[in-house]
Structure formats: C-alpha cells, structure tokens
Amino acid sequence: MTTLTKESGAPTSADTDAFLSVRDLRVQFKTEDGIVKAVDGLTFDLERGKTLGIVGESGSGKSVTNLTILGLHNPQFSTIDGEILLDGKELITARESELEKLRGNKMAMIFQDPLTALSPYYTVGRQLSEPYIKHTGASKKEAKDRAVQMLEKVGIPQPKARFDDYPHQFSGGMRQRAMIAMALMCDPDLLIADEPTTALDVTVQAQILDLLKDLQQEFGTAIIFITHDLGVISNMADDLLVMYAGRAVERGSVKEVLHTPKHPYTWGLLSSMPRLDSDIHQALTPIPGSPPSLLTPPSGCPFHPRCAFKSEVPGTACTDERPPLAEGRAAACHLTAEQRQTIFIDQIQPRLR
Ligand SMILES: Nc1ncnc2c1ncn2[C@@H]1O[C@H](COP(=O)(O)OP(=O)(O)OP(=O)(O)O)[C@@H](O)[C@H]1O
Ligand code: SF4
Ligand SMILES: [Mg+2]
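Rules used throughout
Residues numbered from 1 in each chain as written. Chains lettered and ligands numbered in written order. Predicted model: local features only at pLDDT ≥ 70, side-chain atom pairs only at ≥ 80, totals over all residues. Heavy atoms only, no water. Helix = DSSP H or I, 4+ residues; strand = E, 2+ residues; numbered from the N terminus. Rg over C-alpha atoms; globule rule 2.2 N^0.38 Å. Buried < 20%, exposed > 50% of the residue type's maximum accessible area, 1.4 Å probe, protein only. Near = heavy atom within 4 Å. 1 Å grid on protein atoms, 1.4 Å probe; cavity = no way out; pocket = protein on both sides within 12 Å on 5 of 7 lines; lining within 4 Å. Sits in = over half its atoms within 2 Å of the grid points. Nonpolar A, V, L, I, M, F, W, Y, C, P; charged D, E, K, R; others polar. Pairing = 2+ DSSP bridges. Contact = heavy atoms within 4.5 Å. Axes fitted to C-alpha atoms, helices over the stretch in contact; angles between N-to-C directions. Points joined across faces, edges and corners; volume = space filled by probe spheres on them.

**Points about the overall build of the protein**
Scanning the protein for helices and strands turns up 12 helices and 11 strands. The C-alpha radius of gyration of the protein comes to 21 Å, within 12% of the 20 Å expected for a compact globule of 353 residues. For the C-alpha atoms alone, the extent of the protein along its principal axes is close to 70 × 50 × 40 Å.

Structure follows, in structure tokens:
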C-alpha cells in the first residue's frame, strides 16, 4: 500500500472518540487512463444513534467513501490511505477476515440496486438467515423466525410464504425491501444507506424511513445516509456533509447547512435541487459546467472552474491554494465570513425561498 502525503494540519483519530471516525481518507484507483483520485483527504465523525447525510453531485465520491469503510475495494486496483476507526478499531489496516466479521454484525449497507446484494441463485430466506446463523450462532429455526420477522417489518406481505421465494419472484420494490431486511438482520451498529429508497414509491419510502428511525432509536444505530432528496435528508439526518470532487467542502448540522449554507458549491447545489416545501413550478438553477475529471482534478479549490465568486477573493488563492475545512461547522472556501454573509443574503437567499 502506497503512503500518500498527509494534508498538513489534518486532524488525527487521537482528536476524537466518535463511534466512526474518518481521518484524511484518500482513495485512488489505478485505471488505464491514469490514477483516479476518487476521495481526496476526507475527514468526518459520526456518533452512535446519529445520522450523517452525505450530498454531492454524481461522481463526488460518496459511494467510494462508504465502500471503503466496508472494506469492499479490491486492493489490487486501489490505494487507500488515512484512518477509519470504527468503535476504536482501525479498518484500513484490518485483515479481510476481520472485516468480513464486522460486515456481518457491526456494519451493513443498503445499496441503491438490490441486485448488488442479492444473489439470484438462492432463496431470499436463505440469504437472510445464513449470515445471521454465521454471525450469531443461532439455530436454523431461530434464523428463519428472525428473517420472517424482518421481512414483515419492511412490509413484505405474507413473509412466511415469501421466505422460500427467489429474488426474481419479488417485484423491484420488494427486492429493495428484502435487501433492507438483510442489512438489518444482525442489528448493525453502523448502517450505510446509499440511495436506499430512490426506487420505491413514496408510501413505501416513508415506511422504510420510519423503520430506520425506529431501529435507530431502539438500538442506537449510527447511520450514513446518501440521497439526492433534500426532503429525505432534512427528515433523516442530524448532520450533513457536502462533497465535491472527493472532498468535503461543507459540514454542519442539517439545519445549518440547508438554511444558511456557506460554500459556493452548496449554494449551487441547493439552488439546483427542489426545495423541501416547494411546488413543482419552482425555478431551479443548474450549476454551470460539470464536475471535474478526477484523473486531473483542478489545482487549489476544486470548485474554482465553476465558481461565480472566485473574483471576490484577492490574488490567486482560489486557483493555487487548497482551502482547508476546519473542524465543526465549516466550509472550505477562501471567501471571508463577511463576504460569504453578504453574498448569501443579497444573492443566494432570494433564490432559495
Ligand atoms: N473501481 C473504480 N475504478 C475507477 N474509478 C472509480 C471506481 N469506482 C469509482 N470510481 C470513480 O470515482 C469517482 C467517485 O465515484 P462514486 O461512485 O463514489 O460517486 P458518487 O458520489 O457515489 O456518485 P453517484 O451520485 O452517481 O452515485 C467517480 O469519478 C468514479 O468514476
Ligand atoms: S475557494 Fe474560491 S473558487 Fe473555491 S468556492 Fe471559495 S470562492 Fe469559489
Ligand atoms: Mg454513488
């Protein structure tokens, strides 16, 4: 594993005792075209019983971050550096056998596409109960009872009868729910939900979100929640991380980030997404340009080629100097706090109403 240069001043895990602590995470992929810097110096914390929302345009590194936490990248094609501590255990250097154990009962993921997680060759019931038996030592009967109970919880009708069905006998929405049941079988301490309800209709989506909240209350589960839906984020998340080009550009409580965003990228993102309480006639303003290639990310602030406010910053800081992201409520941008406030009140806030 190559050691990459650590960003100077980046905090280390010694600075935190959070349940999940990610420090200066870097993930690079070797491809035919060169090295893709998919995650580039990402730091965040998550407490037990809390939900961290992650938003950002397609390709900003949300899924790669979470797959890295789960240890699901092939080391042959990727280089991972930094620290990921789960309940004090370092995951980047952990052996595959340890990760496999953790993936069963300590952390689980709900994928956007259920076919990523469900095998077509085994019955849904078997896919739910086998990992449970393996991780808890439960009997076959206990595992079946638990699986039927979970299928019922996620709203599968006649769960006892459906236990012996194969995934192809389920509708798309039911497969998604079965996968959610699978992720919840062992009451994971960390649940990563990557666009978990996008494919479901609104009623089922609301049921699943309620279920996740109930489970979180009952078991103190920590949840990472990725979605493009601001309504879902504001309903589910406590804190919010905004990602751009493999970096965190803004973080804060969900209320702070959605109501008084500080970073020009977040301004653009929020102006381009339907508001929580808007009707469908609301005018949306897309962010000009497109996300950068991560083979050759821009120098300085990665958002500078698209930023309408870089002329407010004197000199060449935006193009030359990487803006750091401070701890706590923060934005990685060279604008001063006063400049940001003036721009926000005069130009951005009216757009977000
Ligand atoms: N195995 C891989 N090999 C090479 N590049 C990869 C690999 N996996 C992801 N990438 C690249 O890493 C970047 C981040 O991808 P990622 O899937 O994390 O984006 P995302 O934020 O989840 O986007 P979306 O909202 O579309 O799901 C993208 O440029 C993607 O092409
Ligand atoms: S650092 Fe400069 S380019 Fe980057 S978001 Fe702030 S003003 Fe825009
Ligand atoms: Mg993704």
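On we go from here.
**Here we look at unusual backbone geometry**
One non-glycine residue, glutamate 195, lies in the positive phi region at around 50°. Of note, glutamate 195 is situated in the loop between β7 (190–194) and α7 (202–219). Taking relative accessible area as the criterion, glutamate 195 reaches 7% and is therefore assigned buried. With a phi close to 50°, alanine 245 is a non-glycine residue in the positive phi region. Note on placement: alanine 245 falls in the loop between β9 (239–244) and β10 (247–253). Among the residues examined, alanine 245 registers a relative accessible area of 8% and is labelled buried.

**Topic: the site of ligand 2**
What surrounds ligand 2 is the set His263, Pro264, Cys301, His304, Cys307, Phe309, Lys310, Val313, Cys318, Cys333, His334 and Leu335. Taken atom by atom, the bulk of ligand 2 overlaps the largest cavity. When the residues that make up the shell around ligand 2 are grouped by side-chain class, the tally is 8 nonpolar, 3 polar and 1 charged.

**Topic: the pairing of strand β6 (residues 107–110)**
The two faces of β6 match: Met107 and Met109 on one face and Ala108 and Ile110 on the other face are all buried. Note: β6 against β7, 4 bridges, orientation parallel. Of the residues in β7, the one forming a bridge with methionine 107 is leucine 190.

**Details of the sheet that holds β7**
Strand order in this open sheet of 7 strands is β6-β7-β8-β3-β9-β10-β11, and the pairing throughout is mixed. Here the strands that pair on one side only, and so sit at the sheet edges, are β6 and β11 (330–331). Pairing between β7 and strand β8 (residues 222–226): 5 bridges, direction parallel. Within β8, the position partnered with alanine 193 by the bridge is phenylalanine 225. Contacts from helix α10 (residues 264–272) reach β3 (51–55), β9 and β10 within the one sheet, and its direction differs from that of β9 by about 100°.

**Concerning empty space enclosed by the protein**
With the rule as written, the count across this model stands at 3 cavities of 30 Å³ or more. By volume, the largest cavity amounts to about 90 Å³. Lining the largest cavity are 13 residues, and of these Pro264, Cys301, Cys307, Cys318 and Cys333 sit closest to its centre. Classifying every residue of the lining of the largest cavity gives 9 nonpolar, 3 polar and 1 charged.

**With respect to the layout of surface pockets**
Computed from the structure, the largest pocket encloses a volume of approximately 650 Å³. Arg103, Gly104, Ala117, Pro131 and Met182 are the residues nearest the centre of the largest pocket, which is lined by 25 residues in total. With 8 residues, the single largest contributor to the lining of the largest pocket is helix α3 (residues 124–136). A per-class count over the lining of the largest pocket returns 16 nonpolar, 4 polar and 5 charged.

**Looking at the environment of phenylalanine 77**
Its location among the elements puts phenylalanine 77 in the loop between α1 (62–69) and β4 (78–86). Relative accessible area serves as the criterion here: at 46%, phenylalanine 77 is assigned to the partly exposed category. Along the primary structure phenylalanine 77 and isoleucine 35 are separated by 42 residues, whereas in three dimensions their C-alpha atoms are 9.9 Å apart. In contact with phenylalanine 77, other than residues within four places in its own chain, are Gln28, Phe29 and Lys30.

**Concerning the sheet that holds strand β2 (residues 34–46)**
Read across the open sheet, the 4 strands follow the order β2-β1-β4-β5; overall the sheet is antiparallel. Two strands close off the open sheet at either side, each with one partner strand: β2 and β5 (89–90). Relative to β4, strand β1 (residues 20–31) runs antiparallel, the two being bridged by 8 bridges. The partner of leucine 20 across the bridge, within β4, is leucine 86. Strands in contact with α1 are β1, β2 and β4; relative to β1, the strand with the most contacts, it is inclined by about 110°.

**Remarks on the environment of tyrosine 121**
With respect to the helices and strands, tyrosine 121 occurs in the loop between β6 and α3. When the C-alpha positions of tyrosine 121 and glycine 231 are compared, they lie 37 Å apart, and in sequence the two are 110 residues distant.

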